[in-house]
Amino acid sequence: MTIEWAAENTAGIRKALARVQQVARSYDISLEAITEQTIDLVTSPDRSEPAHAGRA
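Rules of the game
- Residue indices begin from 1 for each chain and proceed along its sequence in written order.
- The predicted nature of this model means local features are confined to residues of pLDDT at least 70 and side-chain atom pairs, given and counted, to a pLDDT of 80 or more, with totals for whole chains, interfaces and linings taken over all residues.
- The basis for every side-chain value is the complete set of non-hydrogen atoms in the structure, without hydrogens or water.
- Numbering goes from the N terminus for both helices and strands, where a helix is a DSSP run of H or I of at least four residues and a strand is a run of E of at least two.
- Burial classes follow relative accessibility: with a 1.4 Å probe on protein chains only, a residue under 20% of its type's maximum area counts as buried, one over 50% as exposed, and anything between as partly exposed.
- Note on contacts: a residue pair qualifies if any of its non-hydrogen atoms lie within 4.5 Å across the two residues.
- What a helix is expected to span follows from its residue count: subtract one and scale by 1.5 Å.
- Here, nonpolar core means buried Ala, Val, Leu, Ile, Met, Phe, Trp, Tyr and Cys residues that are tied together by side-chain atoms lying within 4.5 Å of each other.

1. A few points about the overall build of the protein
- Along its length, the protein carries 3 helices and 0 strands.
- Listing the helices and strands of the protein from first to last along the sequence gives α-α-α.
- A total of 56 residues make up the protein; the buried ones form 23% of that total.
- Within the protein, counting contacts between residues at least 6 apart in sequence, those at least 24 apart form 44% of the total.

2. Regarding helix H2 (residues 10-26)
- Taking 1.5 Å of rise per residue, 17 residues should cover 24 Å, and H2 covers 24 Å from first to last C-alpha, within 8% of that figure.
- Turning to H2, the residues buried within the fold contact helix H1 (2-6) and helix H3 (33-43).

3. Brief notes about the environment of Val 42
- Position of Val 42 among the secondary structure elements: in helix H3.
- Taking the C-alpha atoms as reference points, Val 42 and Trp 5, separated by 37 residues in sequence, lie 5.7 Å from one another.

4. Re unusual backbone geometry
- With a phi angle near 55 degrees, Glu 8 is a residue other than glycine that sits in the positive phi range.
- Following the sequence through the fold, Glu 8 ends up in the loop between H1 and H2.
- When its relative accessible area of 61% is taken as the criterion, Glu 8 is described as exposed.

5. Focus: the nonpolar core
- The biggest cluster of nonpolar side chains holds 7 residues, and these are Met 1, Trp 5, Ile 13, Leu 17, Ile 39, Leu 41 and Val 42.
- When residues of this core are traced back to their parent elements, those giving at least two are H2 and H3.
- Take this core: its biggest share by element is 3 residues, from H3.

That is the geometry; function is a separate question.
Here's what the structure looks like:
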């Protein structure tokens with residue numbers, strides 16, 4: 001997701017996000033906080049990267 005976000009590839013972000021969510025549902029698991037933060041970052045209309053942004 002972060003690679004696609006850095007490349008400004010909206011379609012790639014959506015594809016990666018859909019896959020992460022699909023896997024989480026398939027295994028009935030919750031996403032880690034850092035993954036949720038990454039999702040928030042890459043889906044935010046604000047393109048600036050916070051200094052504390054994590055990588056997933």
